[in-house]
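# Reading the structure
Each chain is listed here by its residues.
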Amino acid sequence: MSWTVLEQAHGALRSVVAGIEESDWALRTPCEKWNVAQVVRHAAGDQLGYAAAITGSGGPTEDPFAPSEGRPGATDLDAALAAAAAAFATVAPGTPEVACPLPLGPLPAETVVDAAALDAVVHAWDVAVATGQPSPLAPELAAHLTPVAELIAGALRAFAFGPALDPEPGDDAAARLLRFLGRDPEWAR
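Since the model is a prediction, treat every value here as computed from it, not as a measurement.

Reading the values: the criteria
Residues numbered from 1 in each chain as written. Predicted model: local features only at pLDDT ≥ 70, side-chain atom pairs only at ≥ 80, totals over all residues. Heavy atoms only, no water. Helix = DSSP H or I, 4+ residues; strand = E, 2+ residues; numbered from the N terminus. Rg over C-alpha atoms; globule rule 2.2 N^0.38 Å. Buried < 20%, exposed > 50% of the residue type's maximum accessible area, 1.4 Å probe, protein only. Areas by Shrake-Rupley, 256 points an atom, 1.4 Å probe, with all protein chains shown as cover. Lys, Arg positive; Asp, Glu negative; His and termini not counted. Charge placed at Lys NZ, Arg CZ, Asp CG, Glu CD. Salt bridge = Lys/Arg side-chain N within 4 Å of Asp/Glu carboxyl O.

### Quick word on the overall build of the chain
In terms of regular secondary structure, the chain is built from 6 helices and 0 strands. Helices and strands appear in the chain in the N-to-C order α-α-α-α-α-α. Its C-alpha radius of gyration of 15 Å places the chain within 12% of the 16 Å reference for a compact globule of 189 residues. Across its three principal directions, the C-alpha atoms of the chain cover 40 × 40 × 30 Å. Looking at the 189 residues of the chain, the share that counts as buried comes to 49%. Put simply, the chain shows about 8600 Å² of open surface, and 55% of that area lies on carbon and sulfur atoms. Taking the average location of the 10 positive side-chain charges in the chain and that of its 24 negative ones, the two points are 5 Å from each other.

Written out as structure tokens, the structure is:
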């Protein structure tokens, strides 16, 4: 299931990026102080980080936590997603320890795959809401990814996720996950 979820998350990110209008690249996003171009560059860098952790080569060329403001090249994101997919294709389901770029060290295969999917789909959401596109984070996908978010959030809270926001009555699984990651599901530009 996790590899299918990764494909779904990568597809969501590709789709949202394809929907960016030329004038949208400089728009602010839910990622504080980052515009659309920076979030896309960050998302690509993160996926390259997963690929590099597994393969030992081909990591990001810039710090994904301080991405440049330049608009990514047309093939940058596709190349990063392809590298991540190729790296994960070498990992057998059930592998107990898979290298990953997270400070937690090696984790079970399904956990690492889900962490990469979480990263991709949350950044797809960031870009979608910033550019006025529909959310790519379906409640079913969010429910599947919530356990990995709960596992990794503590290690990443200081520099990747904001403080968790309190749940609101009527939140679905997507809104609960976004709030847990410090994002306001009702964020508006």
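From this point, the narrative continues.
### Some details on the pattern of salt bridges
Tallying each qualifying case throughout the model produces 6 salt bridges. For Asp-171, the salt bridge identified is with Arg-179, shortest N-O distance 2.7 Å. Note on accessibility: Asp-171 and Arg-179 belong to one class, buried. In this structure, Arg-179 and Asp-184 form a salt bridge, with 3.9 Å as the shortest nitrogen-oxygen distance. Salt bridges linked by common partners bring Asp-171, Arg-179, Asp-184 and Glu-186 together as one network.

Any functional reading would require information that these geometric values do not contain.
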